[in-house]
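Commentary on secondary and tertiary structure
Residues per chain are reported as follows:
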Amino acid sequence: MEVRHDRNTGRLVYDNICFFNGVPMREIPGELGVLQNGDFEKLDEYGSLQNWAAYGDPVHSIMDAKVNPDEVFEGRYAIKITDYKETTGTKGVCSTQFPVEEGMTYCFGGYVMENYDQGMGFQMVIRYFDRAGDPLANFFINTPATGEWNYCEVSGAAPSGAVSAYVMLLSGAGKGEAGFDKLTFSSSYNATYAPVMED
């Protein structure tokens, strides 16, 4: 591993990283801090959503503005998560993992239209991981059940040792449904975690 100081940004840059404690590290594809397909506009040839996967056992579907224009905030497609089961445990969808930088404060935001009959409602979640793939921290917000589109966001600093993250759209214990659209993931440098450089 090579460590160098980028004088343009004032940050440490780690090059040629191959091992961590003797264990080959996971390769996390993608750009630093970039959420893929947050607007849900990319579908594969079978009509399935790209860059997202089921988490737990909910029913999720792609909403088409040409069929249900009120269920899409912007563009042609949005995602709807429907939870029919009055069971404990969270369920929903999660994005593919993408690289992050420890010490950066990241913000996960987007539009949600929630209708919840009973229970805990829906959450938007950031989850950070270390090099071994173990979760380090979660940050979440409960979304409002107004039946209308609302902008919601949650933020949290990537803790020490964080190298990747994914975001989740989750239902808690209860019954209901929610649509999500135009999701973004952005960052700002947290000076508290900035390395102290000595010349």
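Here the residue numbering is sequential within each chain, running from 1 through the sequence in written order. In keeping with the model being predicted, local features are shown solely for residues with a pLDDT of at least 70 and side-chain atom pairs are shown and tallied solely at 80 or more, while totals for entire chains, interfaces and linings include all residues. Computation of side-chain values: all heavy atoms of the structure, hydrogens and water removed.

1. Thoughts on the packing of aromatic side chains
- Note on aromatic contacts: the rings of Phe and Tyr and the six-membered ring of Trp form a pair at centre separations within 6.5 Å, being stacked when their planes are under 30 degrees apart, edge-to-face when over 60 apart, and tilted otherwise. Here the structure, examined in full by the defined rule, presents 10 aromatic pairs.
- With a centroid separation of 5.2 Å and an interplanar angle of 65°, the aromatic rings of Y111 and Y151 are classed as edge-to-face. Highlighted residues: Y111 in strand β10 (residues 104-119) and Y151 in strand β13 (residues 150-157), separated in sequence by 40 residues.
- Throughout, exposure labels follow a simple rule: accessible area from a 1.4 Å probe, protein chains only, divided by the maximum for the residue type, with under 20% read as buried, over 50% as exposed, and the rest as partly exposed. On the basis of relative accessible area, Y151 is assigned to the partly exposed category, the value being 42%.
- Here Y128 and F139 contribute two aromatic rings whose centre-to-centre distance is 6.1 Å and whose plane-to-plane angle is 75°, an arrangement assigned as edge-to-face. Remark: F139 occurs in strand β12 (residues 135-142) and Y128 occurs in strand β11 (residues 122-129); sequence separation between them is 11 residues.
- With relative accessibility at 0%, the residue Y128 sits in the buried group.
- Residue classification places F139 among the partly exposed residues on the basis of a relative accessible area of 27%.
- Three or more aromatic residues joined by ring pairs form one cluster here, namely F98, Y106, Y128, F139 and F185. Secondary structure counts use DSSP, requiring at least four H or I residues in a row for a helix and at least two E residues in a row for a strand, with both numbered from the N terminus.

2. So, the nonpolar core
- W52, V100, F108, Y128, L169, F180 and F185 are the most contacted members of the largest nonpolar core, which totals 30 residues.
- For this core, the leading source of residues is β10, giving five residues.
- Setting aside residues no more than four positions away along its own chain, W52 makes contact with L35, Q36, N37, G38, F40, V93, C94, S95, V167, L169 and L183.
- Residues belong to one nonpolar core when they are buried, are Ala, Val, Leu, Ile, Met, Phe, Trp, Tyr or Cys, and are joined through side-chain atoms within 4.5 Å. Judged by nonpolar contacts, the second largest core, of six residues, contains V125, Y166, M168 and L170. The contact rule is simple, with two residues in contact once any of their heavy atoms fall within 4.5 Å.

3. Details of the pairing of β11
- For β11, a buried count of eight out of eight residues is recorded, marking the element as mostly surrounded by other parts of the structure.
- Alternating residues of β11 divide into F122, M124, I126 and Y128 and Q123, V125, R127 and F129, and every residue in both groups is buried.
- Looking at chain direction, β11 and strand β14 (residues 164-171) are connected through eight bridges and run antiparallel. Note on β14: the bridge partner recorded for F122 is S171. Strands are treated as partners if at least two bridges between them are detected by DSSP.

4. Overview of the side chain of Q123
- Relative to the helices and strands, Q123 resides in strand β11.
- If near-sequence neighbours (up to four positions away) are discounted, Q123 is found in contact with F140, I141, N142, T143, M168, L169 and L170.

5. Comments concerning the environment of N138
- Turning to its location among the elements, N138 is positioned in strand β12.
- On the accessibility criterion, N138 (41% relative accessible area) is partly exposed.
- Between the alpha carbons of N138 and S155 there is a distance of 10.0 Å; along the sequence they are 17 residues apart.
- The contact partners of N138, leaving out residues within four places of it in the chain, are V125, I126 and R127.

6. A few points about the side chain of T143
- Along the chain, T143 falls in the loop between β12 and β13.
- Whenever a nitrogen or oxygen atom comes within 3.5 Å of another N or O atom, the pair is scored as a polar contact, on the condition that within protein one atom can donate a hydrogen and the other can accept it, and that pairs from neighbouring residues in sequence are kept only if both atoms are in side chains. Side-chain polar atoms of T143 contact the side chain of E114, separated by 2.4 Å.
- Apart from residues no more than four positions distant in its own chain, T143 is found in contact with V112, E114, F122, Q123, M124, C152 and F180.

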